[in-house]
Amino acid sequence: MAETVQPIRPTRLMVAEGSILLLPRHIKLRHDAGRDAWVLLAPERVFKPDDTAVEVLKLCDGKRTVGDIASDLAERFQAPRDVILADIVQMLQDLADKGVVKS
Amino acid sequence: MNEITTGTHVTDAEPALACARAPVGLLAELTHRCPLQCPYCSNPLELERSNVELTTAEWQDVIRQAAALGILQIHLSGGEPTARKDLEDIVKVAAEVGLYTNLITAGVLLTKERLKGLADLGLDHVQLSIQDVDAANADRIAAYKGGAAKKHEVAGWVKELGLPLTLNAPLHRQNIDSLERIIEYAVEIGAGRLEVAHIQYYAWALKNRAALMPTREAFMKTVDIVNRAKERLKGILVIDFVVPDYYAKFPKPCMGGWGRGVMNITPSGRVLPCHAAESLPGMSFDNVRDRKLAEIWLDGDAFNKFRGTDWMKEPCKSCSRREIDFGGCRCQAFALTGDAANTDPACSLSPLHDEWAKVAGLESHETPPDFIYRRVGGAKVVEPAGE
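Thresholds, definitions, all that
- Within each chain, residues carry numbers counting from 1 in the order of the written sequence.
- The order in which chains are written sets their letters, starting at A; the order in which ligands are written sets their numbers, starting at 1.
- Given that this is a predicted model, residues contribute local features only at a pLDDT of at least 70 and side-chain atom pairs are listed and counted only at 80 or more, while totals for whole chains, interfaces and linings are drawn from all residues.
- For the side-chain quantities, the full set of heavy atoms in the structure was used; hydrogens and water were omitted.
- Every helix listed is a DSSP run of H or I at least four residues long, and every strand listed is a run of E at least two residues long, numbered separately from the N terminus.
- Working definition: with a 1.4 Å probe on protein chains only, accessible area under 20% of the residue-type maximum means buried, over 50% means exposed, and in between means partly exposed.
- Contact between two residues is taken to exist if any of their heavy atoms lie within 4.5 Å; hydrogens are not considered.
- What sets the accessible areas is the Shrake-Rupley method with a 1.4 Å probe; for residues, cover comes only from the shown protein chains.
- By the counting rule applied here, Lys and Arg register as positive and Asp and Glu as negative, while His and the ends of each chain are not counted.
- Here the site of a charge means atom NZ of a Lys, CZ of an Arg, CG of an Asp or CD of a Glu.
- Just to be clear on terms, a salt bridge is a Lys or Arg side-chain nitrogen sitting within 4 Å of an Asp or Glu carboxyl oxygen.
- Each polar contact in these results corresponds to two N or O atoms within 3.5 Å; when the atoms are within protein, one needs to be able to donate a hydrogen and the other to accept it, and residues that are neighboring in sequence are counted only if both atoms are side-chain atoms.
- Residue polarity follows a fixed list, in which Ala, Val, Leu, Ile, Met, Phe, Trp, Tyr, Cys and Pro are nonpolar, Asp, Glu, Lys and Arg are charged, and the others, Gly among them, are polar.
- The pLDDT score gives, residue by residue, the confidence of the prediction method on a 0 to 100 scale.
- Note on pairing: two strands pair once DSSP finds at least 2 bridges between them.
- Residues enter a nonpolar core if they are buried and are Ala, Val, Leu, Ile, Met, Phe, Trp, Tyr or Cys, with the set joined through side-chain atoms within 4.5 Å.

(A) Looking closely at the overall build of chain A. A count of helices and strands for chain A gives three helices and five strands. When the elements of chain A are put in sequence order from the N terminus, they spell out β-β-β-β-α-β-α-α. With the C-alpha coordinates of chain A rotated into their principal frame, the extents come out at 55 × 35 × 20 Å. A burial count over chain A gives 44% of its 103 residues as buried. In chain A, of all internal contacts separated by at least 6 residues, the share reaching a separation of at least 24 is 51%. Summed over all atoms, the accessible surface of chain A reaches about 5500 Å², with 53% contributed by carbon and sulfur. Looking at charge distribution, chain A has the averaged site of its 15 positive side-chain charges lying 7 Å from that of its 16 negative ones.

As structure tokens, then:
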């Protein structure tokens, strides 16, 4: 039954400074009023992102690069950009592997 | 980042959200009707008839209550949920109140138009079950001719409509050799997620245990295949793996802990802490026709019975894993020991563990008996002897 479909084989998204990311339609970042917490709704999963992850995910808008996001956060939180960049690349790679962000 | 599973297959128990008293997931068994007859169905042996099912308005009211109670995800399940002609009216309200709506389906009753309609109403995700990649074997397992071909078609529609797809492949001795091809198939049809779920031996599966139980060697091979596939398919396919209790060292945290994050509502409106809870004697289950969902969740006898750790006996009581696996499955504990508060025999600390685990070794090496198919009246209740 597998022989009739021949789509393009998907490949792993490797997150880098120049990556432009967004949340797929079926991933929903939302503030849950009852819990007073941000939740990320995914197929049969609920993620509870920490404060940094929430800030990063809000900026994954399909326009900014990961580098832009790092610059933004570095300025807002007065922290070294290279440290932030390394942290968020790692975090976004993990989220990409879980299907939570796409390019 | 904390990750919480909202379905029934909880493999890695991460801590729940801070307000652990608010449920996260609702498994809504819309009907027990199903055209398939899989011999490992998780529905009870006594299937509920269609004339007792909640009405459209009753489900809509329950869904509104569920959202107000803090539930984030609803799993529309069955039986086969698409057997209900009012599924659209149910999905519509679930989407309106902001629930993440997941359709758990066998697919065979769907048309492309209907699926598109559901997507337009706000359906978020489809979980499609397959019995095997070998079509003839799949149709034999489900006792449904042409099922595998239809499912393949449905998978294509799901992707075409841009809906995310999870493929659910229950695994047992009569399809276990297909695992590598099942994984490859999931990638080919564009599934984002694959559940490789070794059968859990309750209800129909327990009846059919000898026909389904794989050998330890065959099971160990699946562990290896899945681990290698996870690495190879990182970022392409998320694989969730559910192991059979019989070959595990520690039990699973059933439903992520009793009354902790998930609830199940039967077609007739009974609210259960887990879908097998009705097998426990001496328990009463509230019905959404009689009480509000919040009351049932917070104060219902059934939910409070095994909630937390106060009910535990040794070896659970002093165990360092008591809040990791919550003593395992109450239903399995009862079925095997006669007391639901005992440690699940799946736990290596249970005095009955070795004897219990031995059954798997014996049965899996014998010739498998015929399936007892899941159908109304399929599992005859044994009548006591005499007049």
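What follows continues from the structure just given.
(B) Quick look at the side chain of Ser-77 of chain B. Residue and element names in this part refer to chain B. For Ser-77, the location among the structural elements is in strand S3 (residues 73-77). Residue classification places Ser-77 among the buried positions, given a relative accessible area of 11%. Apart from residues no more than four positions distant in its own chain, Ser-77 is found in contact with Leu-27, Ala-28, Glu-29, Leu-30, Thr-31 and Ile-104.

(C) The environment of Leu-298 of chain B, seen in detail. Residues and elements named next belong to chain B. Tracing the chain through its elements places Leu-298 in helix H10 (residues 293-299). Sequence-wise, Leu-298 and Thr-222 are 76 residues apart; in three dimensions their C-alpha atoms are separated by 40 Å. Not counting residues within four places of it along the chain, the set of residues in contact with Leu-298 comprises Arg-21, Asn-304 and Arg-307.

(D) Structural detail: the interface of chain A and chain B. Each partner contributes to the interface: chain A provides 31 residues, whereas chain B provides 43 residues. If you look at where chain A meets chain B, you find three salt bridges. Residues Glu-44 of chain A and Arg-193 of chain B are paired through a salt bridge, measuring 3.6 Å at the closest nitrogen-oxygen approach. Our count for the contact surface shared by chain A and chain B stands at 11 residue pairs in polar contact (both at pLDDT 80 or more). Elements with a minimum of two residues in the side of chain A that touches chain B: strand S2 (28-32), strand S3 (37-42), strand S4 (45-48) and helix H3 (81-97) of chain A. When grouped by side-chain class, the residues that make up the side of chain A that touches chain B number 16 nonpolar, three polar and 12 charged.

(E) Just the confidence of the model for chain A, in detail. Residues of chain A with pLDDT of at least 70 account for 92%, and the chain-wide mean is 91. Mean pLDDT across the elements of chain A bottoms out in S4 of chain A (91) and peaks in strand S1 (residues 20-22) of chain A (97).

(F) Region of the structure containing the pairing of strand S9 (residues 262-265) of chain B. All names here are of chain B. Residues Val-262 and Asn-264 point to one face of S9 and Met-263 and Ile-265 to the other, with burial holding for every one of them. Judged from the two bridges that link them, S9 and strand S10 (residues 271-272) form a sheet pairing that is antiparallel. Note that in S10 the partner of Asn-264 across the bridge is Leu-272. Two successive antiparallel strands, S9 and S10, enclose a turn made up of five residues, where Gly-269 displays a positive phi of approximately 100°.

(G) How the structure looks around the nonpolar core. Leu-76, Leu-167, Ile-183, Leu-194, Leu-237, Met-263 and Leu-293 of chain B are the most contacted members of the largest nonpolar core, which totals 86 residues. Residues in contact with Leu-167 of chain B, not counting those within four places in the same chain, are Leu-128, Ile-130, Tyr-185, Ala-186, Ile-189, Ala-191, Arg-193, Leu-194 and Glu-195 of chain B.

(H) Region of the structure containing the environment of Thr-309 of chain B. All names here are of chain B. Within the secondary structure, Thr-309 sits in the loop between helix H11 (301-305) and helix H12 (322-325). The class of Thr-309 is partly exposed, set by a relative accessible area of 21%. Sequence-wise, Thr-309 and Pro-267 are 42 residues apart; in three dimensions their C-alpha atoms are separated by 30 Å. The residues contacting Thr-309, other than those within four sequence positions of it, are Arg-322 and Glu-323.

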